[in-house]
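Residues per chain are reported as follows:
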Amino acid sequence: MLKLKDPTLFRTENYINGEWKSTDHDQIEVINPSTGDAIAKVSDGKKADAALAVGFAAKAFRNWSRMPAKERANLLRKWYELILENAEDLGRLMTLEQGKPLAEAIGEIKYGAGFIEFYAEECKRVMGDIIPTIAADRRLMTYKQAIGVVGCITPWNFPNAMITRKAAPALAAGCTVVIKPDPGTPLSALALCELAERAGIPAGVLNVVAGSDSQGIGEVLTQHKDVAKFTFTGSTAVGKILMAQCATTVKKVSLELGGNAPFIVFDDADIDEAVTHCVATKFRNCGQTCVCTNRVYVQNTIAANFTAKLKTAITAMKVADGFEDGAVIGPLINRQAVEKMDTLLADALSKGAAIVIGGERHELGGCFYQPTLLTNITDDMLLANEEIFGPIAAVQTFATEEEVVNKANDTEFGLAAYFFTRDVGRVMRISENLEYGIVCSNSGVFSTEVAPFGGWKQSGIGSEGGKEGIADFYETKFHSMGGINV
Ligand code: SIN
């Protein structure tokens, strides 16, 4: 199944200070969620390994942060090119450990590489200011300096792009990084290190400690005095704990947390377009993204038509192992995720939901779940309030614009929201009234390196991507220069 053109991308040791470190102690068994087979044993990095990596990253910071931005940019550019050259192999590794279909995995590799390309350019344009002076013998200016060592914890749902979205701006700014990838998907992270090394990124600048001791390694990255900034993508519950830990050393924090995305369809929308985009945002990565549609709201006059078309589109999706031709829906990440679908479904059915299609574990077994469409959804159901993170589309109806905006905003989350209407005035009104960091009108596709990605409310702090995504990796220094004879 895993035929890599370049088998040396299959790395199983931690990458610390430019060296591949295998541990004498335990190993993490990496499981293919499609088959349940063990596919690799990866060195199980511990708390002490994370502390060691932070020490090396702090040392490497001295030279890396002083290197001219253009030189850092050239190294990043080389890394980007190597990733694209090896996109197929990196995609295969990802499908193997994460399960998403190969075409989608290769798409993520290109998306992830885009952050490296973008920040290699952007770091050359980060400017300070000359401020009009307040005294004749003084000059006032600000400049930007790299903040220091950055601790990153990244999730399993995007094993490549969530690493590059953090590491690329950090490295471009002159910071050094220590990354803890999810223990379920370390192979993608380690392959990125192999390519970074080939690109000439110096020892200690990029470190990956793959470990199952999430709490212990998390404590190092959030509490070590030599870590200046901490960044995390994952659940809101874990984000709150990590944020509290960061308070002990007053670290800068950015968090990309959970969502509860509404997908609103008004009766003047292009229904076919709305259906296509609903499927794309709901079922991307088997429903396992923070920006996946979670609550579908359809205006009651078009609900029957919309639901019938959605059912047809869902039926057309091929559920299969990610390496199979034409696969659109792969497995969920693990058994607990499958059990969560069972729980959400049982709760919804007990409160009056109706199954239009799906509603059961898939005949392929293991972690496969049938793409499911439910109607008669009400606000008291679990799946209307928490992130589904799986292939269940839950449709509610509404009567008025005011009602649906209130419902859409009635959540502690505020990451992404989608709506479909042809009324230009309404497009602007709804866009302004939705309490979300990302709003998408007449489209369900928005992810790009050139724009900010970030949540409001309990969906996060800060933005990744775009010019906003590099800002937090710098400190602003104000220099008040006196003693100037005029
Ligand atoms: C996420 O769901 O965490 C990331 C999705 C994206 O970057 O498009």
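Residues numbered from 1 in each chain as written. Predicted model: local features only at pLDDT ≥ 70, side-chain atom pairs only at ≥ 80, totals over all residues. Heavy atoms only, no water.

Caption draft 1: A look at the overall build of the protein chain. The number of helices and strands found in the protein chain is 15 helices and 22 strands. Its C-alpha atoms give the protein chain a radius of gyration of 23 Å, within 12% of the compact-globule value 23 Å for 486 residues. The principal-axis extents of the C-alpha atoms in the protein chain amount to approximately 75 × 60 × 40 Å. Relative to its 486 residues, the protein chain shows a buried fraction of 58%. For the protein chain, the share of sequence-separated contacts (at least 6 apart) that also reach a separation of at least 24 residues comes to 73%. Carbon and sulfur atoms provide 52% of the accessible area of the protein chain, an area that totals close to 19000 Å². Here the protein chain contributes 48 positively and 59 negatively charged side chains, and the mean placements of these two sets differ by 6 Å. (Helix = DSSP H or I, 4+ residues; strand = E, 2+ residues; numbered from the N terminus. Rg over C-alpha atoms; globule rule 2.2 N^0.38 Å. Buried < 20%, exposed > 50% of the residue type's maximum accessible area, 1.4 Å probe, protein only. Contact = heavy atoms within 4.5 Å. Areas by Shrake-Rupley, 256 points an atom, 1.4 Å probe, with all protein chains shown as cover. Lys, Arg positive; Asp, Glu negative; His and termini not counted. Charge placed at Lys NZ, Arg CZ, Asp CG, Glu CD.)

Caption draft 2: The arrangement of the domain arrangement of the protein chain in detail. When the domains of the protein chain are assigned, the result is domain 1 (7-257 + 459-478) and domain 2 (261-448). For domain 1 and domain 2, the distance between their C-alpha centres works out to 31 Å. The interface of domain 1 with domain 2 comprises 22 residues on the first partner and 24 residues on the second. Taken together, the two surfaces of domain 1 and domain 2 that pack against each other cover about 1900 Å², and 59% of this comes from carbon and sulfur. Our count for the contact surface shared by domain 1 and domain 2 stands at 8 residue pairs in polar contact (both at pLDDT 80 or more). Elements represented by at least two residues in the side of domain 1 that touches domain 2 include exactly α3 (87-98) and α4 (102-122). (Domains from an automatic or database assignment. Buried area = accessible area lost by both parts, 1.4 Å probe. Polar contact = N/O pair within 3.5 Å; in protein donor to acceptor, adjacent residues only side chain to side chain.)

Caption draft 3: Broad picture of the nonpolar core. Within the largest apolar cluster, 69 residues are counted, with the highest numbers of intra-cluster contacts made by Leu76, Trp79, Ile83, Val150, Val177 and Ile179. Top contributing element to this core by residue count: α4, with 11 residues. Apart from residues lying up to four places away in sequence, Ile179 is in contact with Cys152, Thr154, Ile163, Ala167, Leu206, Asn207, Val208 and Val209. Ranked by size, the runner-up nonpolar core spans 57 residues in total, among them Leu373, Leu374, Phe389 and Tyr418. (Core = buried A, V, L, I, M, F, W, Y, C linked by side-chain atoms within 4.5 Å.)

Caption draft 4: The pattern of salt bridges, seen in detail. Tallied over the entire structure, the rule returns 28 salt bridges. Residue Glu194 pairs with Arg198 through a salt bridge whose shortest N-O separation is 2.9 Å. Highlighted residues: Glu194 and Arg198, both in helix α6 (residues 186-199), separated by 4 residues, approximately one helical turn. In this structure, Lys351 engages Asp347 in a salt bridge whose closest nitrogen and oxygen atoms are separated by 2.6 Å. With relative accessibility at 14%, the residue Asp347 sits in the buried group. One network of salt bridges, with partners in common, ties together Asp6, Arg11, Glu13, Glu194 and Arg198. (Salt bridge = Lys/Arg side-chain N within 4 Å of Asp/Glu carboxyl O.)

Caption draft 5: Representation of the site of the ligand within the structure. Lining the immediate environment of the ligand, one finds Tyr111, Phe158, Met162, Arg165, Arg284, Thr289, Cys290, Val291, Ser447 and Phe453. A distance of 2.7 Å is found between an oxygen atom of the ligand and a side-chain nitrogen or oxygen belonging to Tyr111. In this structure, Cys290 approaches the ligand through a main-chain N or O atom, which is 2.7 Å from an oxygen atom. A per-class count over the shell around the ligand returns 6 nonpolar, 2 polar and 2 charged. When residues of the shell around the ligand are sorted by domain, at least three fall in each of domain 1 (7-257 + 459-478) and domain 2 (261-448). (Near = heavy atom within 4 Å. Nonpolar A, V, L, I, M, F, W, Y, C, P; charged D, E, K, R; others polar.)

Caption draft 6: A look at the environment of Ala57. Relative to the assigned elements, Ala57 resides in helix α1 (residues 47-66). Classification of Ala57 as buried rests on a relative accessible area of 0%. Considering only alpha carbons, one finds Ala57 and Pro391, 334 residues apart in sequence, at a separation of 40 Å. When residues no more than four places from it in sequence are discounted, the contact partners of Ala57 are Val149, Thr176, Val178, Gly204 and Asn207.

Caption draft 7: Representation of the side chain of Arg72 within the structure. Examined against the element boundaries, Arg72 turns out to sit in helix α2 (residues 69-85). The charged side chain of Arg72 is buried without a salt bridge, its nearest counter-charge being Glu71 at 8.6 Å. A polar contact is formed between the side chain of Arg72 and the backbone oxygen of Leu171, at a distance of 3.5 Å. Among all residues touching Arg72, those that are not within four sequence positions of it are Trp64, Ser65, Met67, Leu171, Ala172, Ala173 and Gly174.

Caption draft 8: Expanded view of the packing of helix α9 (residues 271-283) against helix α10 (residues 303-315). Close contact between α9 and α10 brings their axes to 10 Å; oriented N to C, the two are set at 50°. Taken together, the axes of α9 and α10 lie oblique to each other. Remark: the crossing between α9 and α10 carries right-handed chirality. Seen from α9, the contacting residues are Ile271, Asp272, Ala274, Val275, Cys278, Val279 and Phe283; seen from α10, they are Asn305, Phe306, Lys309, Leu310, Ala313 and Ile314. Among the residues making up the contact of α9 with α10, the classes are represented as 10 nonpolar, 1 polar and 2 charged. (Axes fitted to C-alpha atoms, helices over the stretch in contact; angles between N-to-C directions. Parallel < 35°, antiparallel > 145°, perpendicular 65-115°, else oblique. Left-handed = near helix turned anticlockwise from the far one by under 90°.)

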